[in-house]
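Summary of the model geometry
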Amino acid sequence: MAFVVPAFMIVFFGYVISFDVKDIKVAVLDQDRTQRSRELIQAFEASGRFQVTQHLARYGDIEPLLDRGGVRLALVIPPG
């Protein structure tokens, strides 16, 4: 028992517990609206870590969205 239980716990918790962060809800404010900015947004989504849930039109929309927990992160791409 002294060897089996700890070995089982190590293997079991190695599969069950994961500290990987996935599917973080993101709002995007794309003020540049170029091909490069769209590629950046697609790269965020393709990573598997971020999920773009909101496309914002103005900077003032960010704070209320973060406050009520609609998203965890706001990506602002300024012009140029």
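Scroll up a little and you will see the structure.
Structural notes, computed from the coordinates. Because the structure is a prediction, the values reported are computed rather than measured.

With that settled, the discussion passes to the environment of L73. For L73, the position within the fold is in strand β3 (residues 73-77). For L73, a relative accessible area of 32% translates into the label partly exposed. In this structure, the C-alpha to C-alpha distance between L73 and F12, residues 61 residues apart in sequence, is 32 Å. In this structure L73 touches I24, K25, V26, A27, F50 and L66, once residues within four positions along its chain are discounted.

The next thing to look at is the pairing of strand β1 (residues 24-30). Walk down a regular strand and you will see the side chains alternate between the two sheet faces. Burial runs high along β1: 5 of the 7 residues are buried. As paired elements, β1 and strand β2 (residues 50-55) share 5 bridges and run parallel to each other. Within the sheet, the bridge partner assigned to V28 lies in β2 and is H55. Running through helix α2 (residues 35-46), the crossover from β1 to the neighbouring parallel element β2 is right-handed.

Moving on, we get to a nonpolar patch on the surface. Taken together, the side chains of M1, V5, F8, M9, V11, F12, F13, Y15, V16, I17 and F19 define a hydrophobic patch exposed on the protein surface, amounting to about 1300 Å² of accessible area. For Y15, the position within the fold is in helix α1 (residues 4-16). Of the residues examined, Y15 reaches a relative accessible area of 74% and is grouped as exposed.

Turning our eyes to something else, we now look at the environment of G48. Along the polypeptide, G48 turns up in the loop between α2 and β2. When its relative accessible area of 34% is taken as the criterion, G48 is described as partly exposed. Sequence-wise, G48 and V26 are 22 residues apart; in three dimensions their C-alpha atoms are separated by 12 Å. Every residue in contact with G48, bar those within four places of it in the chain, is listed here: K22 and D23.

Within the structure shown, the criterion is met by 1 salt bridge. Among the ionic pairs, R58 bridges to D61, the shortest N-O distance being 3.0 Å.

What follows is about unusual backbone geometry. One non-glycine residue with positive phi stands out, namely D23, at about 55°. Looking at where D23 falls in the secondary structure, it is placed in the loop between α1 and β1. Notably, R33 is not glycine yet its phi reads approximately 55°, a positive angle. Inspection of the secondary structure assignment puts R33 in the loop between β1 and α2.

Cut-offs and rules
- Residues numbered from 1 in each chain as written.
- Predicted model: local features only at pLDDT ≥ 70, side-chain atom pairs only at ≥ 80, totals over all residues.
- Heavy atoms only, no water.
- Helix = DSSP H or I, 4+ residues; strand = E, 2+ residues; numbered from the N terminus.
- Buried < 20%, exposed > 50% of the residue type's maximum accessible area, 1.4 Å probe, protein only.
- Contact = heavy atoms within 4.5 Å.
- Pairing = 2+ DSSP bridges.
- Right-handed = clockwise from strand over helix to strand, strands pointing away.
- Patch = residues over 30% accessible without salt bridge, like charges linked within 9 Å, V, L, I, M, F, W, Y side chains within 5 Å.
- Areas by Shrake-Rupley, 256 points an atom, 1.4 Å probe, with all protein chains shown as cover.
- Salt bridge = Lys/Arg side-chain N within 4 Å of Asp/Glu carboxyl O.

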